Amino acid sequence: MESTGMIVIFCSLLIVPFFVTADTCLGPEVKAETYTTTEAVSSRDTVFIVQFQLTCKNKLDNLNLYAEIKGKTIPVTKSVGSNVYQISYSDEPKKLPSGQYDFRLYDDEGYASLRKAQRSGESTDNIKPLYTVSVNHPGVWKGPALQSEFVAALVAILVWYSAYIAKTKLQTTN
């Protein structure tokens, strides 16, 4: 009886891989729109937002996607009922200067390979992403060199000083 159970388990292990398959998106086509923070006066962090529509030649949808940027891996969110995905990434402005940033997109299989390489300390450059979205960040504007409140106060002081000098001259001539 014990050998029959072992044979059933062995046969099950041989058959299961044929029923459990992870599909990969073939020939991905991506239409992306990007946004980056361009001024740092009213925000503490620089933000990148990438929204894209993914279409696979083999008609796959509802994929779990992950993005890798600057060695950090983040999940990609998916809109309900459509193939529209979004990536949000933020960091301090000094850590994200102007330049081009590549968001490398991975499906479940690619993400597993990426994590395995990261855990073992191997280079992740040889792991092919599903797609790469490039974001051109122009940098952030930190505001004017002089704040408008300071300029207004300085003008007010100069007007007061000019009026005071004029008043003093009028009083001394009498």
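The shown structure was predicted, so the numbers you read here are calculated from the model rather than taken from an experiment.

Participant: I'm lost on the packing of aromatic side chains in this one. Help?
Facilitator: Aromatic ring pairs are defined here through the distance separating the ring centres and the angle between the ring planes. The final tally for this structure, using the stated rule, is seven aromatic pairs. Consider the rings of Phe-52 and Tyr-85, whose centres lie 5.5 Å apart with planes at 15 degrees: the pair is stacked. Here Phe-52, found in strand E2 (residues 46-55), pairs with Tyr-85, found in strand E6 (residues 84-91); they are 33 residues apart in sequence, far enough to count as distant. For Phe-52, a relative accessible area of 1% puts it in the buried group.

Participant: What is the right way to look at the state of the cysteines in this model?
Facilitator: Going through the model one piece at a time under the given rule, you end up with one disulfide. Each sulfur of the disulfide joining Cys-25 and Cys-56 lies 1.9 Å from the other. In this structure, the disulfide formed by Cys-25 and Cys-56 twists by about -115 degrees around the S-S bond and is classed as left-handed. With a gap of 31 residues between them, Cys-25 in the loop between helix H1 (2-19) and strand E1 (29-36) and Cys-56 in the loop between E2 and strand E3 (66-69) connect regions that are remote in the sequence. No difference in accessibility class separates Cys-25 from Cys-56, as the two residues are buried.

Parameters at a glance
Residues numbered from 1 in each chain as written. Predicted model: local features only at pLDDT ≥ 70, side-chain atom pairs only at ≥ 80, totals over all residues. Heavy atoms only, no water. Phe/Tyr/Trp six-rings, centres within 6.5 Å; stacked < 30°, edge-to-face > 60°. Helix = DSSP H or I, 4+ residues; strand = E, 2+ residues; numbered from the N terminus. Buried < 20%, exposed > 50% of the residue type's maximum accessible area, 1.4 Å probe, protein only. Disulfide = S-S within 2.5 Å.

These results come straight from atomic positions and should not be treated as a statement about function.
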